[in-house]
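# Descriptive analysis of the structure
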Amino acid sequence: MTVLVINSGSSSLKYAVVKPATGEFLADGIIEQVGEGPIADHDAALTATFDKLAAEGLHLDDLGLVAVGHRVVHGGKKFYRPTLIDDALVEEIEELSPLAPLHNPPAVLGIEVARRMLPDLPHIAVFDTAFFHNLPLAAEMYAIDRKLADRWRIRRYGFHGTSHEYVSRQAAEFLGRRYGSLNQIVLHLGNGASASAIANGSPVDTSMGLTPMEGLVMGTRSGDIDPGIIMYLWRTAGMSVEDIETMLNRNSGVLGLGGANDFRDLRRLIESGDSAAQLAYDVYVHRLRKYVGAYMAVLGRTDVISFTAGVGENDIGVRRDALAGLAPLGIEIDEARNAGPSREVRCISTPESPITVLVVPTNEELAIAQACAEMV
Ligand code: ADP
């Protein structure tokens, strides 16, 4: 029994063929530059995916596929469970597009193409916002005009939910503790980055908001800024809304400050003495520390802090610097443990540290495949 997992973005399509029962990946990969050259559209991208699978000797008919799982970024307030896709659901996901203009439209394209090419399988949408659907109102609401917020569905929805849930459950399993008994902070640091605070198994805050732009400094996104900057740029610098949106999404974060969005490149620049790259790193780490402190206050008692995703799993320096000097708050990192590479869940705090710090590799594709398997 296998599940095909599809994560359809505007210029890429990620896929994985996963055995949910064992966690085994029969295949996974990415088709890039969708919309360019030979991969003209999402139709061509999915065809290229099937060609790649065939080249690896994997033929659709022999894979034992029971479902196709689609990652959908924005589920609004309504969709917070894995949901069987039909025409009506596709329409509703489209209707949510104004809330996630960069993410929901390409997901819809991927769904439509996959449903056409694999019409006999159930297609299931798994929403990135789902885990956070029940945030306490005090964390969910922005302090803006209430009527306007209601009219335009302005709420903190949160994203990367599949990862935050998967990682926090893995952390509990690793520690041999009941999920509902732990207070956790999860730091998902990939190209996009978000933090969450989870109290006794329920999320009580998360750093992304109406859109995936709020919160931590990211590869190319600013995270938190004074909203006044937007009006200032519009009014005084004469930038259009589109210009400002592009700047905040694609030309900000560590790229905008330091000239590289990939932390491996940023490190090289820092090591070569590049002061802009160093500043970008310092701003990134400062924001991260600030969120850790804030979420410790939100939780009152913190049992475990987990790092995950590309930067969180691999960058020794970010983990060290984000939590350095926090022994008075109960966090003691063990330098040697932090430096030891591993693909497994592992502890990087000292045995005496009141708060346990973990590195937990995320696996959103497996989590999506498991959610689909449960449904069928
Ligand atoms: P996405 O958010 O696109 O799913 P990932 O979670 O895979 O991305 O994170 C990608 C980012 O992880 C890269 O842009 C890079 O900054 C960082 N990264 C990946 N590998 C390493 C590494 N070995 N050392 C430091 N950073 C890394």
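Above this text sits the structure in question.
Predicted, not measured: the structure shown is a model, and the values here were computed from it.

Below, the discussion takes up the site of the ligand. Taken together, 13 residues surround the ligand, and among them N191, F263, R264, G310 and N314 come closest. A distance of 2.8 Å separates an oxygen atom of the ligand from a polar backbone atom of F263. One of the backbone N or O atoms of V311 is found 3.4 Å from an oxygen atom in the ligand. About the coverage of the ligand: the protein hides 69% of its 580 Å² of free accessible area.

Okay, the layout of surface pockets next. Taken as a whole, the second largest pocket encloses approximately 960 Å³ of empty space. Lining the second largest pocket are 28 residues; nearest its centre among them are L210, T211, M213, I230 and L248. Residue assignment for the lining of the second largest pocket shows that the elements contributing at least two residues are α7 (228-235) and α8 (241-250). Among the elements that take part in the lining of the second largest pocket, α8 stands out by supplying five residues, more than any other.

A few words now on the environment of D205. Here D205 is to be found in strand β9 (residues 202-206). Using a relative accessible area of 15% as the deciding quantity, one classes D205 as buried. Each C-alpha atom of the pair D205 and L58 lies 42 Å from the other, and the pair is 147 residues apart in sequence. With near-sequence residues (within four places) excluded, D205 lies in contact with L135, A139, R156, A195, S196, A197, Y295 and V298. Engagement of the side chain of D205 in a polar contact is seen with the side chain of R156, the distance being 3.2 Å.

The rules behind each value
- Residues numbered from 1 in each chain as written.
- Predicted model: local features only at pLDDT ≥ 70, side-chain atom pairs only at ≥ 80, totals over all residues.
- Heavy atoms only, no water.
- Near = heavy atom within 4 Å.
- Polar contact = N/O pair within 3.5 Å; in protein donor to acceptor, adjacent residues only side chain to side chain.
- Areas by Shrake-Rupley, 256 points an atom, 1.4 Å probe, with all protein chains shown as cover.
- 1 Å grid on protein atoms, 1.4 Å probe; cavity = no way out; pocket = protein on both sides within 12 Å on 5 of 7 lines; lining within 4 Å.
- Points joined across faces, edges and corners; volume = space filled by probe spheres on them.
- Helix = DSSP H or I, 4+ residues; strand = E, 2+ residues; numbered from the N terminus.
- Buried < 20%, exposed > 50% of the residue type's maximum accessible area, 1.4 Å probe, protein only.
- Contact = heavy atoms within 4.5 Å.

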